[in-house]
Amino acid sequence: MPRQDTSTGSRTQPKVAAGEVYSTLRDSIVTSEIPPGTRMNIDAIARDLGVSQTPVREALQRLEGDHLVVYSPGRGYSTTPQLQLPELRSLFEFRLLVEPWAARSAAVDRLANPSDTLDRELETFERRVGDRGDLRQDLVAHDTRFHDTILDAAGNRVVQQAFVQTHCHLHLFRLYPADVDGTVTIAEHRRVWEAIRGCEPEAAEEAMADHIRNSFSRFARAFDGDLPPIAPAGALRSSTVRIVR
């Protein structure tokens, strides 16, 4: 019997270790502690983290799925480049097609209205902001949960899966701390939440569209030069209405 318990523990330990290694490496990549284009030496990582190579390999495979590392035959794993401006613009144009529609959809259906969940999420993050300290990872996690909750409430699994596969939050926050203290994000998220709570679909759509445009402007500051707005005023509202119809 003791041998069986020991065997079970040894089988599950690599999975636990792989999850911890994944989180550690992901956070280091997102914060650029591990810079873009860095070769990921499996043996060195295993030594630094005090684990075997197996959980490191499993973690790198997950990070490859997140598009945070890339595997090249003969060279191994390396961290991917940060988003460039054309990629950033394309990502936000995709978000403008999807997320205002999702906010509008979430505000219409009172039975599936996610306002209570969003309220709890905002309160939790606001307490974290009040504690000060480094908020970068907390902001990534909050932003991901807030937007994912609205997409989930919209009820379209195809759209939700397409959004998840962009891993947009992980890549955006590699650029720079666009809203380092979280206050701007909270204010914009609260406007979206208030419209959803009040079952005001047009207001929810507009608030989300404004939030995404403003986010684009904040993240685009990582690049030099003057940038045009991501979409002309009113253009998005017309396109998202067509989606709903």
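Residues numbered from 1 in each chain as written. Predicted model: local features only at pLDDT ≥ 70, side-chain atom pairs only at ≥ 80, totals over all residues. Heavy atoms only, no water.

### Side note on the overall build of the chain
Point 1. Check the secondary structure of the chain and you find eleven helices and three strands.
Point 2. By sequence separation, contacts in the chain at least 24 residues apart represent 77% of the contacts at least 6 residues apart.
Point 3. Of the roughly 12900 Å² of accessible surface on the chain, 51% is carried by carbon and sulfur atoms. (Helix = DSSP H or I, 4+ residues; strand = E, 2+ residues; numbered from the N terminus. Contact = heavy atoms within 4.5 Å. Areas by Shrake-Rupley, 256 points an atom, 1.4 Å probe, with all protein chains shown as cover.)

### Here we look at the packing of aromatic side chains
Each aromatic ring pair is described using two quantities: the centre-to-centre distance and the angle formed by the ring planes.
Point 1. Taken as a whole, this structure holds four aromatic pairs when the rule is applied.
Point 2. Ring geometry for Phe-92 against Phe-219: centres 6.4 Å apart, planes inclined by 40 degrees, an arrangement best described as tilted. Taken together, the residues span a long stretch of sequence, with Phe-92 in helix H4 (residues 85–108) and Phe-219 in helix H10 (residues 201–220) at a distance of 127 residues. For the pair Phe-92 and Phe-219, one class covers both residues: buried.
Point 3. Among the aromatic residues, ring-to-ring pairing joins Phe-92, Phe-173, Phe-216 and Phe-219 into one connected group.
Point 4. Over the ring of Tyr-22 we find Arg-62, and its NZ or CZ is 3.7 Å from the ring centre.
Point 5. Above the face of the Trp-193 ring, Arg-197 is positioned so that its terminal group lies 4.3 Å from the ring centre. (Phe/Tyr/Trp six-rings, centres within 6.5 Å; stacked < 30°, edge-to-face > 60°. Buried < 20%, exposed > 50% of the residue type's maximum accessible area, 1.4 Å probe, protein only. Lys NZ or Arg CZ within 6 Å of the ring centre and 35° of its normal.)

### Thoughts on the sheet that holds strand E1 (residues 39–40)
Point 1. What the three strands build is an open sheet, ordered E1-E3-E2; its pairing is antiparallel. Of all strands in the sheet, those bounded by a partner on one side alone are E1 and strand E2 (69–72).
Point 2. The pairing of E1 with strand E3 (residues 76–79) spans two bridges and is antiparallel. Paired with Arg-39 across the two strands is Ser-78, which belongs to E3.
Point 3. This element, helix H3 (residues 53–65), spans E1, E2 and E3 of the sheet and lies at about 110 degrees to E2. (Pairing = 2+ DSSP bridges. Axes fitted to C-alpha atoms, helices over the stretch in contact; angles between N-to-C directions.)

### Overview of the pairing of E3
Point 1. Relative to E3, E2 runs antiparallel, the two being bridged by four bridges. Each bridged residue has a counterpart across the sheet, and for Val-69 the counterpart in E3 is Thr-79.
Point 2. Between E2 and E3, which pair antiparallel one after the other, the connecting turn spans three residues, and Gly-74 there sits at a positive phi close to 85 degrees.

### Describing unusual backbone geometry
Point 1. Of note in the backbone geometry, Ser-32 takes a positive phi value of approximately 65 degrees without being a glycine.
Point 2. Inspection of the secondary structure puts Ser-32 in the loop between helix H1 (2–30) and E1.
Point 3. Even without a glycine there, the phi angle at His-67 is positive, about 65 degrees.
Point 4. Secondary-structure assignment places His-67 in the loop between H3 and E2.

### Remarks on the pattern of salt bridges
When the charged atoms of two side chains lie near each other, side chains of opposite charge can form a pair.
Point 1. Under the definition given, this model contains eleven salt bridges.
Point 2. The residue Arg-104 makes a salt bridge to Glu-205 at a minimum N-O spacing of 2.6 Å. On the criterion of sequence distance, the pair formed by Arg-104 in helix H4 and Glu-205 in helix H10 is long-range, its members being 101 residues apart.
Point 3. A relative accessible area of 17% places Arg-104 in the buried class.
Point 4. Asp-152 serves as the salt-bridge partner of Arg-157, at 3.2 Å between the closest nitrogen and oxygen.
Point 5. Its relative accessible area of 37% is what places Asp-152 among the partly exposed residues. (Salt bridge = Lys/Arg side-chain N within 4 Å of Asp/Glu carboxyl O.)

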